[in-house]
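Residue-level structural notes
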Amino acid sequence: MRKIFSLVFCCFSSILLCLSLESAQGRIQKYGPVKVSLVSENISIDGSSKFWLGLWMQKEKGWHTYWSDPGDVGVPPTIEWVLPDGINHEKLVFPVPEKVLMGKVEANGHRGKNLFLCEFSCEKKIPLNSMLKVEAKVSWLACSRTCQPGYADLTLNLPVVDKAEYDPFWRARFELFRNSQPVLPPMDWAAFAYTNSKVIRLLVPVNSNDESPNFYFFGKGNLIRSNAPQKILKTKGFWEIQLQGSPWSSGKEKNLSGLLYRQGGWDENKNKSYYQIDLPLKSYSSTSD
């Protein structure tokens, strides 16, 4: 009798788990080397508060997709949301980038499994005990030695109840994503950027315990080349990161914007590896050298 009860209980628990996963993750679709689906950190929503949804993407080994600013090659993923009236969304938030290779060309992208998050809000309260249907038309470019565009029409249904509930599996991954996002440097962090159009010099302060930090700058826009070495020098109390200007630059950029990665994190926050920077560009002639 106990064995029968245990078996029934296990089956019932499995059914509940499947229902939970179904409500928190839409159907997985595969297109070429990429799998995608819509996911939610909520099992249900209350119909009036803000909530987050994510695009989950998994690439086969050796393949990558691109960051919001790919660099010299690549096209970032895009999402066209199809939403009921009264539901609004913010800009898609990309995971932090890494260096990827399209053939022999370095670019900014993502390998393996990734989340892309988007925040939603309700202009008016959604009726209780109804179902919110979210649709998304997703497109991307996956590359290895060759490239393959991909497309998917994705759907996710979320129950609307009196009190929203979180899905423990996806909630943890959403939190991990948010904690990995770039941060602004401290207010007293004195960094500078100089250019002569061919070379951009990014100067960041040296700390007393710095030896030879591993920096990499992921540029936004078309100011710098992604497929070029970034030389690091120590000079006059600064680490100087030399970036190669891009031939696709408009020549009118006023700022150096992007993410500065430091292996091992930053001194005041070791679990943060990316600083979000936006520095005014000065010409070489305005410096003492």
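In case you missed it, the structure is sitting above this.
Small disclaimer: the values here were computed from a predicted structure and weren't measured.

**Overview of unusual backbone geometry**
In this model, asparagine 129 sits at a positive phi of 65 degrees, which is unusual for a non-glycine residue. Positionally, asparagine 129 belongs in the loop between β10 (113–122) and β11 (131–143). Phi angles above zero are rare outside glycine, and lysine 236 is one such case at about 50 degrees. Following the sequence through the fold, lysine 236 ends up in the loop between β17 (231–235) and β18 (238–244). Classification of lysine 236 as exposed rests on a relative accessible area of 68%.

**Here we look at the packing of aromatic side chains**
Scanning the model with the defined rule gives 15 aromatic pairs in all. Relative to tyrosine 151, the ring of tyrosine 31 has its centre 6.0 Å away and its plane inclined at 85 degrees; by these criteria the two rings are edge-to-face. Of the two residues, tyrosine 31 is situated in strand β1 (residues 29–31) and tyrosine 151 in strand β12 (residues 147–159); the sequence distance between them amounts to 120 residues. You can call tyrosine 31 partly exposed: its relative accessible area is 35%. A centroid spacing of 4.0 Å and a plane angle of 10 degrees characterise the contact between tryptophan 266 and tyrosine 275, whose relative ring orientation is stacked. No difference in accessibility class separates tryptophan 266 from tyrosine 275, as the two residues are buried. Over the face of the ring belonging to tyrosine 166 we find arginine 171, whose NZ or CZ atom lies 3.8 Å from the ring centre. Its guanidinium or amino end placed over the ring of tryptophan 52, arginine 178 lies 5.5 Å from that ring's centre, counting from NZ or CZ.

**Let's talk about the state of the cysteines**
Enumeration according to the criterion identifies 1 disulfide in this entry. In this model, cysteine 143 is linked to cysteine 147 through a disulfide, with the two sulfur atoms separated by 2.0 Å. Between cysteine 143 and cysteine 147 the sulfur-sulfur dihedral comes to about 110 degrees; the bridge is accordingly right-handed.

**Notes on the pattern of salt bridges**
A side chain with one charge can pair with a side chain of the opposite charge if their charged atoms come near. Applying the stated criterion to the full structure yields 9 salt bridges. When the shortest N-O distance is used, the salt bridge between lysine 30 and glutamate 60 registers 3.2 Å. Of this pair, lysine 30 sits in strand β1 while glutamate 60 sits in the loop between β4 (51–59) and β5 (64–66), placing them 30 residues apart in sequence. For glutamate 60, a relative accessible area of 39% translates into the label partly exposed. Aspartate 72 is paired through a salt bridge with arginine 225; the nearest N and O atoms lie 3.1 Å apart.

**Remarks on the sheet that holds strand β2 (residues 34–40)**
Taken in spatial order, the 5 strands make up an open sheet running β1-β2-β4-β10-β7, and their pairing is antiparallel. Of all strands in the sheet, those with a lone pairing partner are β1 and β7 (87–89), marking the two edges. With strand direction ignored, the average angle separating the axes of adjacent strands in the sheet is 30 degrees. Pairing of β1 with β2, which is carried by 3 bridges, proceeds in the antiparallel orientation. The residue of β2 that forms the bridge with lysine 30 is lysine 35. In the packing of helix α2 (residues 168–179) onto the sheet, contacts are made with β2, β4 and β10, and the angle to β10 comes to roughly 95 degrees.

So, how was this worked out
Residues numbered from 1 in each chain as written. Predicted model: local features only at pLDDT ≥ 70, side-chain atom pairs only at ≥ 80, totals over all residues. Heavy atoms only, no water. Helix = DSSP H or I, 4+ residues; strand = E, 2+ residues; numbered from the N terminus. Buried < 20%, exposed > 50% of the residue type's maximum accessible area, 1.4 Å probe, protein only. Phe/Tyr/Trp six-rings, centres within 6.5 Å; stacked < 30°, edge-to-face > 60°. Lys NZ or Arg CZ within 6 Å of the ring centre and 35° of its normal. Disulfide = S-S within 2.5 Å. Salt bridge = Lys/Arg side-chain N within 4 Å of Asp/Glu carboxyl O. Pairing = 2+ DSSP bridges. Axes fitted to C-alpha atoms, helices over the stretch in contact; angles between N-to-C directions. Contact = heavy atoms within 4.5 Å.

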